6 protein chains.
Amino acid sequence: MKFYDPKPLGDATRDLLGQVATATLSSQLVKRGLRSTYMQTPRPLNPKAARFVGPAYTVRMVPAREDITELAFPTDPDFPQRKVIETTPPGHVAVFDCRGDTRGGIVGDILVERLRVRGVAGLCTDGAVRDSAAVAEQDFPVFCADVTAPYSMIVHQALDDQQPIACGGVTVLPGDIMVGDIEGVIVIPSPLADEVAADAADQEHLESYIFEKVGEGGSINDLYPPGEAALADYERWKKERGD
Amino acid sequence: MKFYDPKPLGDATRDLLGQVATATLSSQLVKRGLRSTYMQTPRPLNPKAARFVGPAYTVRMVPAREDITELAFPTDPDFPQRKVIETTPPGHVAVFDCRGDTRGGIVGDILVERLRVRGVAGLCTDGAVRDSAAVAEQDFPVFCADVTAPYSMIVHQALDDQQPIACGGVTVLPGDIMVGDIEGVIVIPSPLADEVAADAADQEHLESYIFEKVGEGGSINDLYPPGEAALADYERWKKERGD
Amino acid sequence: MKFYDPKPLGDATRDLLGQVATATLSSQLVKRGLRSTYMQTPRPLNPKAARFVGPAYTVRMVPAREDITELAFPTDPDFPQRKVIETTPPGHVAVFDCRGDTRGGIVGDILVERLRVRGVAGLCTDGAVRDSAAVAEQDFPVFCADVTAPYSMIVHQALDDQQPIACGGVTVLPGDIMVGDIEGVIVIPSPLADEVAADAADQEHLESYIFEKVGEGGSINDLYPPGEAALADYERWKKERGD
Amino acid sequence: MKFYDPKPLGDATRDLLGQVATATLSSQLVKRGLRSTYMQTPRPLNPKAARFVGPAYTVRMVPAREDITELAFPTDPDFPQRKVIETTPPGHVAVFDCRGDTRGGIVGDILVERLRVRGVAGLCTDGAVRDSAAVAEQDFPVFCADVTAPYSMIVHQALDDQQPIACGGVTVLPGDIMVGDIEGVIVIPSPLADEVAADAADQEHLESYIFEKVGEGGSINDLYPPGEAALADYERWKKERGD
Amino acid sequence: MKFYDPKPLGDATRDLLGQVATATLSSQLVKRGLRSTYMQTPRPLNPKAARFVGPAYTVRMVPAREDITELAFPTDPDFPQRKVIETTPPGHVAVFDCRGDTRGGIVGDILVERLRVRGVAGLCTDGAVRDSAAVAEQDFPVFCADVTAPYSMIVHQALDDQQPIACGGVTVLPGDIMVGDIEGVIVIPSPLADEVAADAADQEHLESYIFEKVGEGGSINDLYPPGEAALADYERWKKERGD
Amino acid sequence: MKFYDPKPLGDATRDLLGQVATATLSSQLVKRGLRSTYMQTPRPLNPKAARFVGPAYTVRMVPAREDITELAFPTDPDFPQRKVIETTPPGHVAVFDCRGDTRGGIVGDILVERLRVRGVAGLCTDGAVRDSAAVAEQDFPVFCADVTAPYSMIVHQALDDQQPIACGGVTVLPGDIMVGDIEGVIVIPSPLADEVAADAADQEHLESYIFEKVGEGGSINDLYPPGEAALADYERWKKERGD
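If you're wondering where the values come from, they're calculated on a predicted model, not measured in any experiment.

*Asks:* How would you summarise the interface of chain A and chain E if you had to cite specific residues and measurements?
*Replies:* Contact with chain A, which involves 26 residues of that partner, is made by 26 residues of chain E. Counting only elements with at least two residues in the side of chain A that touches chain E, the list comes to β3 (52-63), β9 (156-161) and β11 (170-172) of chain A. A per-class count over the side of chain A that touches chain E returns 13 nonpolar, seven polar and six charged.

Here it is in structure tokens:
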């Protein structure tokens, strides 16, 4: 086991990560031997807010148990599920470990609004959210495995925050760099974020050339991966476009 | 076991229930100790007809069995799956117990059209419907767990109607008040419908105030749930808006 | 839909059905076009009481709902789940539709003892039973999908008896002939029981010959199904053994 | 087992199949005793390219295994997963057997673009595709069970093409006629395609009459299926419309 | 959320808990409003060591991730999964949260032997163990959801110990009283252990009387629950037996 | 993709593989980077015939389809599911790809008897077998995911043999070395069989020493993995025992 302090996310890398697809990021991570960093179940509720980038701020939910869980709406500001709404730093992503249980919603439109106002970058869970009709219209990226009507206390007990968690089958350490798009969520170990972002951007640039050439009738045998001729032509293409 | 005669649904309550979210109704029911009234799997096919309210008219499907089920299209008007189309009272919701089996569709566009013309309030099932491209354009709320091409007789045998059923993991008694929206379907025991509707409307009114104040930068610690100051301000806000 | 009155189970057919495997009965039913009569999930708890034969006495459980289900142990003799224990006729099989939900046990050792003393032929469910260590030692066939500690009221509400049910994916009509062995449970439509039993016994007799000959080195190409030579030898074999 | 040479798909039948719903095709196939021809899991990614018709060109993926699967992007033109992109004939449908495993995407936007340019009719899989945001905007029918970010090599090994496969629970033989719409995919044995297409078109024509009459207030008991009066009126209706 | 310091387990209560069934304990807990304390998936590997009682010593596993998980056998004594073997106190039960993932075994016969020698009371997990043929013969209660051949590092990363965990769908706090038998595992909040143990023993004593009387032909309507006459007879029965 | 000709299984390696656990073999394969070689679902039916070793002889089943599958018992000797019974070479293991579908049994007691008489080493499937009461008493290793009563033709169509297949989530090439024990089945690429067998035997020998020392009170920190002192003592121990 090799744990490490998270490396902060720089602005340039944040910008690059905001422009590339999770599919490309996955390729860059697999190339480095990391096959276990993609969460398939969380998907965006609002198609116009379907991307986020930011360091993880984690929350762990355990199963509700009648001797420790109050079924009523929690009012204590220190209750972890409430506290995270006020303490997730701006630019970070709140990540909830719900063990894949979607029967109770961890947030509704009011808590999402608070996250939005506070400048949080997004919310990601392998559980569910509620008030989803309203949430789907808020300008804030909410990624979840399903929507549901009941509140979380019927199945979940909020436990603690900023601990390592499992979410969507992937381990998330506080400070890991989270990137979400329509295909799901990628967890990038923070020490790798800079190089993965740069290489992913390069890869997508090359692929936009390949896509164009394939659209013009080129065979993938020449272009994908590009042979010598294609790579030379790509250099020419880049120059022409001034990239 | 405490069964009871269903209480008819009054117009005022029907109106209120048509304006509140299933998430709010769930909160009101859980507050009264009813945690087991929400169906997660049925979701609306037509986004423009994504809500219904009405008393349940129930139909039970059991697994097809070759000695009792004819694979051919049923023509007998007394066949329960046909009969329900002509007998569900206007304003009621036809609820089909399909044991969660979505391999055969219980209705297609023609039967849905008949329900619509007859003034039925909606259709809800934990099974599937077919002709879904057409159904998704009809002005009638159809909630189902999935869509499918084959007709129901390959997996289902219609059995009887107006008996208690299980649908989407919830027991539905004939006359229970069904409310559906984008998040799924809530079953309200009919004796509770009036008070649940009234309290849900009150709750949503208060929450629209809270949502507005959170949008203006208020902390959930002051507003959600509202403290004394917030409640006083809410009274002022209501007066200002003339509510 | 072709429903019919159940045909009573005669003693000779009961005896034959007690000697053949559900695999053989399945073959006889599939040969007659009935592919949907086998329940895979119920399996015997007590290896020494791993078979039953008898007409079905059905009970239906629906999901527990807090307004109709009392969590406490039911004391009313008319409560269906209790009533069935005293009313399932001797020689019949109590069949519980639990929708495959195994989280609450429908009977424990005391109710099983009462069924045994009353001469009931067996119990079959796609749900669970509790006190399974004790039940596994009682001289009574209990077939279930799993064992569990909590009682049924945490997930089930007993609804009615002697109605058609779904159990283990198969429709069971009251009076259907139920046969259970180590591989699961077969539901035989009562009008077919006599001929299916007779043909199954014949098939097993022939197969015992084939098994013997294969054990002596015969190829399945000659024996299974038997060609003319094998059939003639089978007649000789039967005579020799005095069958 | 009765295998047969595929019958080529004629233009007239291709046209008819492009106009009818998979629900109608399923009815025609069930009427002929074929209940097992519908795949429920593949659904279209691009709502504007949500239909395809064409003979199947099959590819089989087996689980990745470290001694035979290279994790890196495959470059060999003979690698089956690449080869199929260049060899699926125009007008055919590439069908990938992924054993329902959606963790690795079999194609992304570049390979889809190549299929489109080459005039392939569509792609269908019970697995996943990647780059789905881009693919959802390409003018090419891609039907899949889910979307995902990682590439296929983390879970799949491409094995061979033009062999019988299982996809979405249905056996697909090379040359079977594949039809996809919003409800999923139907596999039509090629020898039946002409008659099934013709009868499906007739059925839909009659149903458009029935739908219209039900919309005008007619009861399904008179119209669906149509009685003698309705059939006579349908003949009149057809004449009026000049059909 | 009401957390509390665990209450130590006294010898008398440990003895009582070792004599009653988890089914009885579940009844006592449900009677007190605790419905969510039973784990269904862990079952004993060795039928002769199929019971345990002891306070929980918890370990949490998260998904393996290539940047933090070494695939090789762990040698560091502080690695949590190793450490727990040497630090679980005698008389306690080691409880592993494996998120229900049974693909990698958390212990094999050597680690189990060490737990046995050290006087640990048992091991319980919703994951799997390996070397199960050997473990099934060791005189030590190992409860797991399945057996498997690979070691845990292919899917799990040991994270920490003595934190609250989820196991088999139930929250386990360090020091909760764990009781396992053939039906699964019950988690008793430590403050309730004494009274639940006493009442469960009383309940089983009464039920042994009821079982005997039912075996002699009594109806459950008189005996279960016992009416006044039965309760009086039970007092007589107890005296006779000298209980 | 790197396919290769299978390497025949030598007697010495066959003997070694028959003495080690699949858990040990998994460790040796993971050590070589092969994480994807273990099938979890197949388990032995007969506890006294719970091990096999042999090269794979593969059979592929696809879903039954009414135009190609005859529901009747197959009589053609060239039908793949029959042919494999007569053609699997002695000492080989028949491996059936059933796509995890356990609703139809691929063999019963007569076919198993024929395999036994012919000297086949075992049968392994991710599907089901029937006549399981009889099969569980035959002296032949049958590993399956479940038992069932109906024959295979209700869900499966036998397709071909000696092609690569997927079974229990693992790719099996004809000639791969299959080893089964109580924990499931390991697939060893044939070129690795000799070294994996030798190293597994060495590992188990060392572990038997460790197990003994742990039983005498040794700490895993000294013994597992063994430090220098332990390794020296192991050499002494081996000499003493004459190993």
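*Asks:* Explain the interface of chain C and chain B to me, using residue names and the numbers behind them.
*Replies:* Contacts between the two partners involve 26 residues from chain C and, on the opposite side, 26 residues from chain B. Here the side of chain C that touches chain B is built from residues that sort into 13 nonpolar, seven polar and six charged.

*Asks:* Provide a residue-level description of the relation of the copies chain C and chain B, including the pertinent values.
*Replies:* With an RMSD of 0.0 Å, the operation that places chain C on chain B is a rotation of 180 degrees combined with a shift of 0.0 Å along the axis. Both copies are brought into coincidence by an operation consistent with a two-fold rotation axis. Residue C:R99 of chain C places its C-alpha closer to the rotation axis than any other residue of that unit, at 3.7 Å. Of the interface residues in chain C, 100% have counterparts in chain B that sit at the interface too, so the contact is made through matching surfaces.

*Asks:* Mind laying out the pairing of strand β3 (residues 52-63) of chain F, listing which residues take part and the relevant values?
*Replies:* Residue and element names in this part refer to chain F. When you tally the buried positions in β3, you get 12 out of 12 residues, the bulk of the element. As paired strands, β3 and strand β12 (residues 177-181) are joined by four bridges and run antiparallel to one another. Its bridge partner being in β12, F52 is matched across the sheet by G180. The parallel pair β3 and strand β4 (residues 93-97), bridged by helix α3 (residues 80-87), forms a crossover whose chirality is right-handed. Of the strand pairs in this sheet, β3 and strand β9 (residues 156-161) are connected by five bridges, and their pairing is antiparallel. The residue of β9 that forms the bridge with V62 is Q157.

*Asks:* Any chance you could break down the relation of the copies chain A and chain E for me, citing the residues and the numbers?
*Replies:* Of the transformation placing chain A onto chain E, the axial shift is 0.0 Å and the rotation is 180 degrees, giving an RMSD of 0.0 Å. Here 100% of the contact residues of chain A are again contact residues in chain E; the copies associate through an equivalent surface.

*Asks:* How would you sum up the arrangement of the chains? Please name residues and give values.
*Replies:* Contact between chain A and chain C is absent, and the minimum C-alpha spacing across the pair is 14 Å. The closest approach of any C-alpha atom in chain A to one in chain F is 12 Å; the two make no contact.

*Asks:* I'd like a description of helix α3 (residues 80-87) of chain D, backed by residues and values.
*Replies:* Since the α-helix turns once every 3.6 residues, residues separated by three or four places project in the same direction. Every buried residue belonging to α3(D) is among D:Q81, D:R82, D:V84 and D:I85, and all of these are buried. For α3(D), the angular spread of buried residues about the axis comes to 160 degrees, placing them on one side. Buried residues in α3(D) make contact with α7 (220-223) of chain A together with β3 (52-63), β4 (93-97), α4 (109-117) and β9 (156-161) of chain D.

*Asks:* Break down the environment of A:N46 for me, citing the residues and quoting the values.
*Replies:* Topologically, A:N46 is positioned in the loop between β2 (43-44) and β3. As for A:N46 and A:E137, which are separated by 91 residues in sequence, their C-alpha atoms are 6.2 Å apart.

*Asks:* Before we move on, could you go through the domain arrangement of chain A and cite the residues and values that matter?
*Replies:* Size of an interface, as often reported, equals the accessible area lost when the parts are brought together. All names here are of chain A. We note that the domain assignment places domain 1 (11-190) and domain 2 (196-241) within chain A. Averaged C-alpha coordinates put domain 1 and domain 2 at centres separated by 35 Å. With 11 residues of domain 1 in contact, the opposing surface of domain 2 contributes eight residues. Elements that contribute at least two residues to the side of domain 1 that touches domain 2 include exactly α1 (11-17) and α2 (22-31). With five residues, α2 is the largest single contributor of residues to the side of domain 1 that touches domain 2. In the side of domain 1 that touches domain 2, the residues fall into six nonpolar, five polar and no charged.

*Asks:* Explain the environment of F:H205 to me, using residue names and the numbers behind them.
*Replies:* All names here are of chain F. Along the polypeptide, H205 turns up in helix α6 (residues 193-215). Exposure remark for H205: the 14 C-beta atoms within 10 Å place this residue in the partly exposed category. Sequence separation between H205 and D243 is 38 residues, and the spatial gap between their C-alpha atoms is 9.2 Å.

*Asks:* Residues and numbers for helix α8 (residues 228-241) of chain E, please.
*Replies:* Residue and element names in this part refer to chain E. The terminal C-alpha atoms of α8 lie 20 Å apart, and with 14 residues this matches the ideal 20 Å at 1.5 Å per residue to within 8%. Burial runs low along α8: only zero of the 14 residues are buried. Within two residues after α8, G242 carries a phi angle of roughly 75 degrees, on the positive side.

Each value, and the rule that gives it
Numbering of residues begins from 1 in every chain and follows the order in which that chain's sequence is written. Labels are handed out in written order, letters beginning with A for the chains and numbers beginning with 1 for the ligands. This being a predicted model, a pLDDT of at least 70 is required before a residue's local features are given, and a value of 80 or more before pairs of side-chain atoms are given or counted; all residues contribute to the totals for chains, interfaces and linings. A residue pair is marked as a contact if its C-beta atoms, positioned from the backbone, fall within 7 Å. In DSSP terms, a helix is any run of H or I states spanning at least four residues, a strand is any run of E spanning at least two, and both are numbered starting from the N terminus. Three residue categories are used. Nonpolar comprises Ala, Val, Leu, Ile, Met, Phe, Trp, Tyr, Cys and Pro, charged comprises Asp, Glu, Lys and Arg, and polar comprises the others, including Gly. A residue counts toward the fit only if its pLDDT is at least 70 in both copies, and the copies are then superposed by least squares on the C-alpha atoms of those residues. Here the C-beta atoms are placed from the backbone, and a residue counts as buried if at least 20 other C-beta atoms lie within 10 Å of its own, exposed if 12 or fewer do, and partly exposed otherwise. Only strands joined by at least two bridges in the DSSP assignment are considered to pair. Handedness rule for crossovers: strands pointing away from the viewer, path from the first strand over the helix to the second running clockwise, crossover right-handed. It is the directions from the helix axis to the C-beta atoms that the arc portrays. Note that the domain bounds were set by an automatic or database domain assignment. Multiplying 1.5 Å by the residue count of a helix minus one yields the expected span of that helix.

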